[in-house]
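Structural characterization, general
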Amino acid sequence: MDMMDAIRRQARRGLLFLFPFCLVSCYEPVTLDLEEEDPVLVVEGAVSTEYLRHEVRLSRSTPYFDTNASQWGVRGAEVQILDGSYTYVFEEDSLQAGLYRSREAFAGEPGTTYTLEVWAALDGNGTKKLYSARETMPDAIRMDSITAEYGFGCPPLYSRRRIGWSILLYGTDEPVKNYYGIALYVDGRNYNDSIHSMRMWDDEMGSSLHIDGLPIFMFQTGKDEAVAHAGTEVEMVVRNYSPRYYMYLQDVRALLSPQVPVFSPAPANCRGNVSDGAFGYFAVYSVDRKSTILDAQDSIRWREERQ
């Protein structure tokens, strides 16, 4: 729902921008034009290198004061993804309106161009319109391992001397510029895998270099012990995005972030890749996962050495 939240927030800022002018003039009545626009399709879909039933979510834009979430999902659409030699058909979930899953599990192939086709009706008369998007999957990721080291926080991730477990990444970066999204799972639970909080990194300064213990995150002693402590399994998920999808995620982040000053004009629309005026993005990306255990002996040994 992050992307829909961004669209709704953008609409609200457009209205909030008018409110100060309503307050300045106490004698002149101000009428806000809240005429409803035609609904717009919102697409959230992805294909990755992981073997699973991939998902596409279809929803519609709604009037500002419409809070009935049950009406946002688009039902009865025809959804399919083509890779040039095969067509993957998607089925609608019987319980969640607007959620479509591929009939069969499959894994995307780097270098392959995938085309999403959606036939959906938004006008209320049952007439379906074709929406499409196309994206080429980036190269596979070459991540060797991750480790956890206890001690002072590693620069440049932390400027002050904080103590805890640093999560370090080892691998080889590809010789072309890549755009990464990095998320953590702690004991199988999502820790920061969201548009708001995942690490986003482009390798402009480190392309084609060997990554030898790059600090990605730190679990601080005292602050984060309720989440991660000795014996905890930490899994790192690294996704290699296309340049355009990386920019789109940055745009969504901007829409979701507080604006300074408060009454700043609304940011521009997110630069999606779906045709015919639809919002959203059909993404394809490579994925790699590595895990490590936070070892109690690391912290014991470090503390003994500091005495």
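Owing to the predicted nature of the structure, the values given are computational and were not obtained by experimental measurement. (Residues numbered from 1 in each chain as written. Predicted model: local features only at pLDDT ≥ 70, side-chain atom pairs only at ≥ 80, totals over all residues. Heavy atoms only, no water.)

In terms of regular secondary structure, the chain is built from four helices and 15 strands. The buried share among the 307 residues of the chain stands at 42%. In the chain, 70% of the contacts between residues at least 6 apart in sequence involve partners at least 24 apart. A total of about 16800 Å² of accessible surface is found on the chain, and carbon and sulfur atoms cover 51% of it. (Helix = DSSP H or I, 4+ residues; strand = E, 2+ residues; numbered from the N terminus. Buried < 20%, exposed > 50% of the residue type's maximum accessible area, 1.4 Å probe, protein only. Contact = heavy atoms within 4.5 Å. Areas by Shrake-Rupley, 256 points an atom, 1.4 Å probe, with all protein chains shown as cover.)

Counting residues in each nonpolar core, the largest one holds 25 residues, and the members touching the most others are L41, L58, V79 and V118. When residues of this core are traced back to their parent elements, those giving at least two are β1 (41-48), β2 (55-60), β3 (78-82), β4 (87-92), β6 (113-120), β7 (129-136) and β15 (279-293). Not counting residues within four places of it along the chain, the set of residues in contact with L58 comprises L41, V42, V43, W72, G73, V74, A77, V79, G98, Y100 and V118. I216, F217, A228 and L294 belong to the second largest nonpolar core, which has 22 residues in total. (Core = buried A, V, L, I, M, F, W, Y, C linked by side-chain atoms within 4.5 Å.)

A word on the sheet that holds strand β13 (residues 210-220). Spatially, three strands are ordered β8-β9-β13 in an open sheet, and the strand pairing comes out antiparallel. Sheet topology places β8 (143-152) and β13 at the edges, where each strand pairs with a single neighbour. The average angle at which neighbouring strand axes cross in this sheet is 25 degrees, direction not considered. For strand β9 (residues 163-172) and β13, the ladder comprises nine bridges, and the chain directions are antiparallel. In the strand pairing of β13, Y170 is matched with D212. Across the sheet, helix α4 (residues 296-306) is in contact with β8 and β9; its angle to β8 comes to roughly 40 degrees. (Pairing = 2+ DSSP bridges. Axes fitted to C-alpha atoms, helices over the stretch in contact; angles between N-to-C directions.)

Moving on to α4. Among the residues of α4, those classed as buried are D298, S299 and W302. Within α4, the buried residues cover an arc of 90 degrees as seen down the axis, which keeps them to one side. Those residues of α4 that are buried lie in contact with β8 and β9. With a side-chain oxygen lying 2.9 Å from the backbone nitrogen of Q297, the N-terminal cap of α4 falls on D295. (Arc of directions from axis to C-beta. Polar contact = N/O pair within 3.5 Å; in protein donor to acceptor, adjacent residues only side chain to side chain.)

Looking now at the packing of aromatic side chains. Enumeration over the complete set of coordinates arrives at 16 aromatic pairs. An aromatic cluster of at least three residues, connected via ring pairs, comprises Y241, Y245, Y248, Y281 and Y285. (Phe/Tyr/Trp six-rings, centres within 6.5 Å; stacked < 30°, edge-to-face > 60°.)

All right, on to the pairing of β1 then. For a regular strand, side chains alternate in direction, first toward one face of the sheet and then toward the other. Summarising burial for β1: eight of the eight residues are buried, a large majority. Here β1 shows a buried face lined by L41, V43, G45 and V47 and a second buried face lined by V42, E44, A46 and S48. The antiparallel pairing of β1 with β2 creates a hairpin that spans six residues between the two strands. Bridging between β1 and β15 involves seven bridges; their strand directions are parallel. Pairing of A46 across the sheet is with A283, part of β15.

The side-chain alternation of β3 yields one buried face, formed by V79 and I81, and one unburied face, formed by E78, Q80 and L82. Bridge analysis of β3 against β6 gives five bridges, and the strand direction is antiparallel. By the bridge assignment for β6, I81 is matched with L116. Linking β3 back to β4 in an antiparallel pair, the connection comprises four residues, with G84 at a positive phi of about 100 degrees.

On to unusual backbone geometry. With a phi angle near 50 degrees, D187 is a residue other than glycine that sits in the positive phi range. Note on placement: D187 falls in the loop between β10 (179-186) and β11 (189-190). If you check the backbone angles, D276 has positive phi at about 60 degrees while not being a glycine. Checked against the element boundaries, D276 lands in the loop between α3 (243-256) and β15.

With that settled, consider the side chain of N178. Along the polypeptide, N178 turns up in the loop between β9 and β10. A polar atom in the side chain of N178 sits 3.1 Å from the backbone oxygen of V176. Separated by 3.2 Å, the side chains of N178 and Y180 make a polar contact. What N178 contacts, discounting residues up to four positions off in sequence, is D173, W201, D202, D203 and N240.

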